[in-house]
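A look at the structure
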Amino acid sequence: MRISLLASLLACTLSGQALATEQTSPAWRNGQCGSFTIAAIPDSQNYLDFRHQRSAGFPVDGHRMFQQQIRWIADNAASNGGNIVFATHLGDIWQNRVQRVDPGHAARGLIAATEAQTDGQPAVFPDGVRNHEIPMALASMQLLDGALPFSIVPGNHDYDAVWVDHRHLPDPDNAYGLHQGIRHFGGLDGFRSVFSDQSPLFKDKPWYVASNDGGADSAQLINAGQCQLLHIGLQFDAPDSSLAWARRVIKQHPGVPTIVTTHKFTDRAGRFAVGGSLDMSLVDPQDNNPQMVWDDFISQHDQIFLVLSGHIGGQGHGIARNDEGNLVHHLLSDFQPRGQVARQAAPQHQGKTLTGDGWLRLLQFNLDDDNPSIHVRTYSTHYGKYSTQVPDYGRWYKEAEQQSHLSDAQFRARDDFRIALDGFHQRFAR
């Protein structure tokens, strides 16, 4: 028997404990929620790369473009008269790593192959990360403090260490051509130094209701009108301990419509992003790739109706049926391959100009209608325009996001569309 949704309506407390269910409620109808927006912040790694600043010879200050994004979200928060009630960063906050291997994985003996073969290993930049990228990330995300609830999950670039396990064969589909095996990541000391559950950004905030692994996984409650949603953020290729924690969070908030954010989940074709050289489960048996996260967690909990992710440059939308036969939408949003702003600023610049051009995803929820839906739109805080308002949108971005086979109209449609939440009222009612 499905538990009542009272837990997500009316005078719900913002404590992290299980919510009362003995009363009755009108579910998601008749103006209970109102129209509200959740902002999805795509990979910001190219904005915060210490090499993508004017001081390093880059055409623009990438970190200022990112700060402009975050300030725009804060200015348009519901607390400031806007429509945005929650923001979720999709991971890969900064770009570089500080060490080759982390002590935790070294102690478990998972790096022997790396010790024996060092060619092709990715570079590390400890000074650039500690002195520039992490402080810039904190200064930017602090702009949301006090404006609205928000979440940050670590992506693969946010781990302290990166190495290549040469026990695995080269990946023939690796477009970068740099790594001759499976890349693995470890250590979150840098992430926790600014975004742990003890950070002033989150500690004692009533909406920050649960955390795991020092804040690498976290849960937040989202208030919208008289309604409430649950958000769960999971670290990259979430390990077994993260999924066990997430199950407990779901149990503590029964029946509350739930959104999950994790850095890697969906690819451009709307499939689970499995394969390639970044499947951490191939190196560490405690880790879970997106298919495993679906099988062992998401598909088993009917109150999860939406999954948000980044990691793969571009956009994608997939739909899967969970164990109850209900639909779960999963959405890819990652605009890091976009570099038009820097090219316009310095056409003569030699080298990559990638930043992200200020684009982010805005999810406008309309849950009170008989046909509830989410209007997915894409907005640039640099250009001050939606994707549908930029005539050159396809010409600028199709090729970089491997979508040259689409017409300009088809490409624009991938960044402005509606998700029909079929059966939502029936699913979240007594």
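The structure presented is a predicted model; accordingly, all values stated were derived computationally and were not measured.

Rules and cut-offs
- Residues numbered from 1 in each chain as written.
- Predicted model: local features only at pLDDT ≥ 70, side-chain atom pairs only at ≥ 80, totals over all residues.
- Heavy atoms only, no water.
- Helix = DSSP H or I, 4+ residues; strand = E, 2+ residues; numbered from the N terminus.
- Buried < 20%, exposed > 50% of the residue type's maximum accessible area, 1.4 Å probe, protein only.
- Contact = heavy atoms within 4.5 Å.
- Areas by Shrake-Rupley, 256 points an atom, 1.4 Å probe, with all protein chains shown as cover.
- Core = buried A, V, L, I, M, F, W, Y, C linked by side-chain atoms within 4.5 Å.
- Phe/Tyr/Trp six-rings, centres within 6.5 Å; stacked < 30°, edge-to-face > 60°.
- Lys NZ or Arg CZ within 6 Å of the ring centre and 35° of its normal.
- Expected span 1.5 Å × (residues − 1).
- Pairing = 2+ DSSP bridges.
- Axes fitted to C-alpha atoms, helices over the stretch in contact; angles between N-to-C directions.
- Salt bridge = Lys/Arg side-chain N within 4 Å of Asp/Glu carboxyl O.
- Disulfide = S-S within 2.5 Å.
- Patch = residues over 30% accessible without salt bridge, like charges linked within 9 Å, V, L, I, M, F, W, Y side chains within 5 Å.
- Lys, Arg positive; Asp, Glu negative; His and termini not counted.
- Charge placed at Lys NZ, Arg CZ, Asp CG, Glu CD.
- pLDDT = per-residue confidence, 0-100.

Focus: the overall build of the protein chain
When you go through the protein chain residue by residue, the secondary structure sums to twelve helices and 16 strands. Taken across its 430 residues, the protein chain has 60% of its residues classed as buried. Put simply, of all contacts in the protein chain between residues at least 6 apart along the chain, 70% involve residues at least 24 apart. Just so you have it, the protein chain exposes about 16,600 Å², and 48% of that area is on carbon and sulfur atoms.

Let's talk about the nonpolar core
Residues Ile73, Met141, Leu144, Phe150 and Phe195 are the most contacted members of the largest nonpolar core, which totals 48 residues. Of all the elements, helix α2 (residues 62–75) adds the most residues to this core, at six residues. Not counting residues up to four positions away in its chain, the partners in contact with Leu144 are Ile70, Ile73, Ala74, Ala87 and Phe150. Core analysis: the next-biggest nonpolar cluster, separate from the first, contains 26 residues, Ile38, Phe86, Leu306 and Leu421 among them.

Describing the packing of aromatic side chains
Under the criterion given, the structure shown has 26 aromatic pairs. Geometrically, the ring pair formed by Trp72 and Tyr379 is stacked, given 4.7 Å between the ring centres and 25° between the ring planes. Taken together, the positions of Trp72 in helix α2 and Tyr379 in strand β14 (residues 373–380) put the pair 307 residues apart, joining distant regions of the chain. Relative to Tyr397, the ring of Trp396 has its centre 5.8 Å away and its plane inclined at 75°; by these criteria the two rings are edge-to-face. Neither residue differs from the other here; Trp396 and Tyr397 are each classed as buried. By way of ring pairs, the aromatic residues Trp359, Tyr383, Tyr393, Trp396, Tyr397 and Phe411 are connected into one cluster. A cation over a ring is seen here: Arg51 above Phe125, with NZ or CZ 4.9 Å from the ring centre.

A few points about helix α5 (residues 126–141)
Taking 1.5 Å of rise per residue, the 16 residues of α5 would be expected to cover 22 Å, and the 21 Å separating its terminal C-alpha atoms lies within 8% of that figure. Buried positions along α5 lie against β1 (36–41), α1 (45–48), α2, β2 (84–89), β3 (150–152) and α6 (189–195).

Overview of the pairing of strand β9 (residues 258–262)
Counting buried positions over the five residues of β9 gives five, a clear majority of the element. By the alternation rule, side chains of β9 split into Thr258, Val260 and Thr262 and Ile259 and Thr261, which are all buried. Relative to β9, strand β8 (residues 227–234) is paired through five bridges, and the arrangement is parallel. Looking at the pairing, Gly233 lines up with Thr261 of β9.

Observations concerning unusual backbone geometry
One non-glycine residue, Asp92, adopts positive backbone phi at about 55°. In this structure, Asp92 sits in the loop between β2 and α3 (103–107). The class for Asp92 is buried, based on a relative accessible area of 2%. Phi is positive for Asp237, which is not a glycine, with a value near 45°. Looking at the secondary structure, you find Asp237 in the loop between β8 and α7 (240–252).

Some points on the sheet that holds strand β11 (residues 314–321)
Here we have seven strands laid out as an open sheet, ordered β6-β7-β8-β9-β10-β12-β11, and mixed in their pairing. If you trace the sheet from one side to the other, it starts and ends with β6 (208–212) and β11, each paired once. Here the strands of the sheet are splayed against their neighbours by 20° on average, with no regard to which way each runs. Strand contacts of α7: β6, β7 (217–224), β8, β9 and β10 (304–309), with the helix running at about 170° to β8, the strand carrying the most contacts.

Side note on the pattern of salt bridges
Inspection of every chain in the model, using the stated rule, returns 16 salt bridges. Glu401 serves as the salt-bridge partner of Arg338, at 2.5 Å between the closest nitrogen and oxygen. Highlighted residues: Arg338 in the loop between β12 (327–334) and α9 (340–345) and Glu401 in the loop between α10 (393–397) and α11 (408–413), separated in sequence by 63 residues. For Arg338, a relative accessible area of 1% corresponds to the buried category. One network of salt bridges, in which partners are shared, links Arg338, Arg361, Glu401 and Asp415.

So, the state of the cysteines
If you walk through the whole model with that rule in mind, you get one disulfide. Sulfur-sulfur distance for the disulfide between Cys33 and Cys227 comes to 2.2 Å. The sign of the S-S torsion, about -75°, decides the handedness of the disulfide formed by Cys33 and Cys227: left-handed. Residue Cys33 is located in the segment before β1, and its partner Cys227 is located in strand β8; the two are separated by 194 residues in the primary sequence.

Points about a negative patch on the surface
Together, Asp240, Asp295, Asp296 and Asp323 give the surface a local cluster of negative charge. Mapped onto the elements of the fold, Asp240 is located in helix α7. On the accessibility criterion, Asp240 (41% relative accessible area) is partly exposed.

Section: the confidence of the model for the protein chain
Of all residues in the protein chain, 87% have pLDDT values of 70 or greater, and the mean over the chain is 89. Across residues 175–179 the pLDDT falls below 50, and counting only partners more than four positions away or on other chains, this stretch makes six contacts in the model.

With respect to the pairing of β11
One face of the sheet, then the other: side chains in a regular strand alternate in exactly this way. Note that β11 and β12 share eight bridges and pair antiparallel. Among the inter-strand pairings, Gly316 is bridged to a residue of β12, identified as Leu332. Linkage of β11 to β12, two consecutive antiparallel strands, is achieved through a turn of five residues, within which Gly325 is found at a positive phi near 85°.

What about the side chain of Glu401?
For Glu401, a relative accessible area of 0% translates into the label buried. Discounting residues that sit within four places of it in the chain, Glu401 has contacts with Arg268, Gly313, Gly314, Gln315, Phe335, Pro337, Arg338 and Phe411.

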